[in-house]
Amino acid sequence: MIEKHIVLEDIDTVVFYGVGNCHLQMIRSLYPKLRVVARDNVIRVLGDEEQMAAFEESIEQIRRHILKFNSLTEEDILDIIRGGHTKEVPDDVVVYTMSGRPIKARTENQQRLIEAYKQNDMVFAVGPAGTGKTYLSIALAVKALKEKTAKKIILSRPAVEAGEKLGFLPGDMKDKIDPYLQPLYDALEDMLPQVKLQDMMEKHQIQIAPLAFMRGRTLSDAVVILDEAQNTTPAQIRMFLTRMGWNTKMIITGDMTQIDLPRPQKSGLIEALRVLDGLEGIGVVNLDRSDIVRHKLVTRIVNAYEQFDKEMKE
């Protein structure tokens, strides 16, 4: 009789154990010769050596399944333990959310963004609000981290005021900057377990910082995303693009209709697209209102403002 401790890493233990520990109870019933006790992310197992080896292999397969799908059912457990196999992620799925929902392209242009990411080291994704450019970009970065094709994710945004003044916001500099980065936190929390996300941020595997913090760095072995790039100055975006190191992919997203730079400051994104047009290794994907995947009212709002802008120019 032997005893072993198995540590569950990278996954949400709530998904593993199930509601009311129902998954754990099922696993116990399938290994009657073992005594299984779980606390937090550690499973203590005592019993038959031969069954112990099979148990360890099954737990590892279940862990990998959760890592892929962020979900687990009793049918999945039976397939793994009795059949010795797990499902494969469909080719069109990037990653799964914490609720088990597949994240994949929902429009042709979103699929073009995924393909451009695969084929190029640098991708510009430009389009109006709600087209999924930021969310899909972060999903691609999370996939790279899970598959270990990248060692870290670096997310950045320019801290440009959209009607408010940083100086009037309460708190220290981090408190003032965090609201600008909240959409990035929201997307990550949708795709990674909270505890794991916190651990990755503490270990700097996931870094979220304002654009100004990028100066002087070389970004290697990473997926780097610059969000809201329409609010960069020409000097800022040039600085950012030249941070690129070995084994790095960059995704730059922006919405030309939401430039918050003070006049007469020019948008660095507009200049970059003109300067880098046709350069090998750089992909450009233009999304439009047909790609909006938020509430249907968002499409109507975008259409109304486009019409208003057109009338103001006439």
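Quick caveat: nothing in here was measured; it's all calculated off a predicted structure.

Below, the discussion takes up the packing of aromatic side chains. As enumerated under the stated definition, the model contains 3 aromatic pairs in all. Ring geometry for Phe-69 against Tyr-96: centres 5.0 Å apart, planes inclined by 50°, an arrangement best described as tilted. Of this pair, Phe-69 sits in helix α3 (residues 49-69) while Tyr-96 sits in strand β4 (residues 93-96), and the two are 27 residues apart along the sequence. Assessed through its relative accessible area of 4%, Phe-69 is described here as buried. Classification of Tyr-96 by relative accessible area gives buried; the value is 9%. Here the basic side chain of Lys-249 rests over the ring of Tyr-117, its NZ or CZ set 4.9 Å away from the ring centre.

Core analysis: the biggest nonpolar cluster contains 36 residues, and Ile-138, Val-142, Leu-155, Leu-188, Met-191, Ile-206 and Ile-208 have the highest contact counts within it. With 8 residues, helix α6 (residues 133-146) is the single largest residue contributor to this core.

Applying the stated criterion across every chain, the model contains 16 salt bridges. Between Glu-60 and Arg-63 there is a salt bridge, with its nearest N and O atoms 3.0 Å apart. One end of the pair, Glu-60, and the other, Arg-63, are both in helix α3, 3 residues apart, so they sit about a helical turn from each other. Several salt bridges share partner residues, and in doing so they unite Asp-10, Glu-60, Arg-63, Arg-64, Lys-196, Asp-199 and Lys-203 into one network.

On to the sheet that holds strand β10 (residues 249-254), then. Spatial strand order, β8-β7-β9-β10-β6-β11: 6 strands in an open sheet with parallel pairing. Unpaired on one side and paired on the other, β8 (206-210) and β11 (282-286) mark the two borders of the sheet. The average undirected angle you get between the axes of adjacent strands in this sheet is 15°. Where strand β7 (residues 152-157) and β8 come together, 5 bridges link them in parallel fashion.

Viewed as axis vectors pointing N to C, helix α9 (residues 234-241) and helix α10 (residues 268-275) meet at an angle of 55°, and their least axial separation amounts to 7 Å. As the angle between them shows, α9 and α10 are arranged oblique. The handedness of the crossing between α9 and α10 is right-handed. The segment α9 lies against α10, with Pro-234, Ile-237 and Leu-241 engaging Gly-268, Leu-269, Glu-271 and Ala-272. When grouped by side-chain class, the residues that make up the contact of α9 with α10 number 5 nonpolar, 1 polar and 1 charged.

Turning next to the sheet that holds strand β1 (residues 2-7). If you trace the 3 strands from one edge of the open sheet to the other, you get β1-β3-β2, paired in antiparallel fashion. Edge positions in the sheet fall to β1 and β2 (34-39), since each of these pairs with one other strand and no more. For this sheet, the mean inter-axis angle between neighbouring strands, taken without regard to orientation, is 15°. Across 6 bridges, the pairing between β1 and strand β3 (residues 42-47) is antiparallel.

What counts as what
Residues numbered from 1 in each chain as written. Predicted model: local features only at pLDDT ≥ 70, side-chain atom pairs only at ≥ 80, totals over all residues. Heavy atoms only, no water. Phe/Tyr/Trp six-rings, centres within 6.5 Å; stacked < 30°, edge-to-face > 60°. Helix = DSSP H or I, 4+ residues; strand = E, 2+ residues; numbered from the N terminus. Buried < 20%, exposed > 50% of the residue type's maximum accessible area, 1.4 Å probe, protein only. Lys NZ or Arg CZ within 6 Å of the ring centre and 35° of its normal. Core = buried A, V, L, I, M, F, W, Y, C linked by side-chain atoms within 4.5 Å. Salt bridge = Lys/Arg side-chain N within 4 Å of Asp/Glu carboxyl O. Pairing = 2+ DSSP bridges. Axes fitted to C-alpha atoms, helices over the stretch in contact; angles between N-to-C directions. Parallel < 35°, antiparallel > 145°, perpendicular 65-115°, else oblique. Left-handed = near helix turned anticlockwise from the far one by under 90°. Contact = heavy atoms within 4.5 Å. Nonpolar A, V, L, I, M, F, W, Y, C, P; charged D, E, K, R; others polar.

These results come straight from atomic positions and should not be treated as a statement about function.
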